[in-house]
Amino acid sequence: MVLSLFFVAYSLHMYLRHRYFCSMRNVSFVLNISLDGYCDHTLGEPSEELMDYFTETMDDVDLIFYGRIMYQMMFPYWADVFKNRTGSPAEIRFAERLVSIDKVVVSRTLESVDENIAIIRNNPVAELQKLKLQPGKTISIDSVSMLPDLIAAGLIDEFRLVIHPVIAGAGRHLLNAGSLAETFKLELIDTRTFKNGCVALRYRKREN
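Residues numbered from 1 in each chain as written. Predicted model: local features only at pLDDT ≥ 70, side-chain atom pairs only at ≥ 80, totals over all residues. Heavy atoms only, no water.

A word on the side chain of T138
Here is step 1: Relative to the assigned elements, T138 resides in strand 6 (residues 138–142).
Here is step 2: The buried category is assigned to T138, whose relative accessible area is 7%.
Here is step 3: With residues near it in sequence (within four places) discarded, T138 still touches N26, S28, D60, V61, D62 and L63. (Helix = DSSP H or I, 4+ residues; strand = E, 2+ residues; numbered from the N terminus. Buried < 20%, exposed > 50% of the residue type's maximum accessible area, 1.4 Å probe, protein only. Contact = heavy atoms within 4.5 Å.)

If you want it as structure tokens, here you go:
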């Protein structure tokens, strides 16, 4: 009898745990990276095929979480592409999707931003934890500087890295030596190659 009650309680615990984690929003880190591990959105040569891939990565995204530097790299450039219809057809499709998505920017210095964008002044980890628990679709992370803290807090569920056939030799690494307290293990779930030599790798967090 006692053993049966134990298994009932354990099964209920595992069911509730599963429901809790399954109800949390997926958080995806998306980035361009060189063959030698440097991060720069200007790496390599853009192509229609690659631009369409990045548009596709936003199909299930309803919130983008930016650091200030990356936000200012992306805007107002892509907002202008959308407004003025400049660029290739693939770039315009990308701009249309990007501009339509709600965004959060972590910054202590930005005074104002475009509509459908909110500013967070401090503690991005706590803010992302709150957002992850709210109803919604995938949250896309676009900030290298916040990555170590977000990994340490267990908030990143998947990585979507596009490796460009370029050896940069300089720039910012994805992670600096010693920035993580322990190894973060992943499993490969998708690979795609492009005609310009880029390779898109999609990893998700490995459950221990």
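Having seen the structure, we can now continue with the description.
Here we look at the nonpolar core
Here is step 1: Core analysis: the largest hydrophobic core is formed by 55 residues, its most contacted members being F29, F65, Y66, L98, I141 and I156.
Here is step 2: If one sorts the elements of this core by residue count, helix 5 (residues 89–100) sits on top with six residues.
Here is step 3: Apart from residues no more than four positions distant in its own chain, I156 is found in contact with V27, F29, I141, L147, L150, I151, F184 and K205. (Core = buried A, V, L, I, M, F, W, Y, C linked by side-chain atoms within 4.5 Å.)

Points about the pairing of strand 4 (residues 102–106)
Here is step 1: Across the five residues of strand 4, four count as buried, placing the element largely inside the fold.
Here is step 2: By the bridge criterion, five bridges tie strand 3 (residues 61–67) to strand 4 in an arrangement that is parallel. Directly across from F65, in strand 4, lies its bridge partner V104.
Here is step 3: Across four bridges, strand 4 lies against strand 5 (residues 117–120) in parallel orientation. What sits directly across from V105, in strand 5, is I119. (Pairing = 2+ DSSP bridges.)

Considering the packing of helix 2 (residues 48–57) against helix 5
Geometry of a packed helix pair, given as the angle between the helix axes and the separation of the axes.
Here is step 1: At a closest axis distance of 8 Å, the pairing of helix 2 and helix 5 adopts a crossing angle of 15°. Classified by the angle their axes make, helix 2 and helix 5 are roughly parallel. The handedness of the crossing between helix 2 and helix 5 comes out as left-handed. Packed against helix 2, whose contacting residues are E48, M51, D52, F54 and T55, the element helix 5 presents P89, A90, E91, R93, F94 and R97 at the interface.
Here is step 2: Residue classes in the contact of helix 2 with helix 5 are distributed as five nonpolar, one polar and five charged. (Axes fitted to C-alpha atoms, helices over the stretch in contact; angles between N-to-C directions. Parallel < 35°, antiparallel > 145°, perpendicular 65-115°, else oblique. Left-handed = near helix turned anticlockwise from the far one by under 90°. Nonpolar A, V, L, I, M, F, W, Y, C, P; charged D, E, K, R; others polar.)

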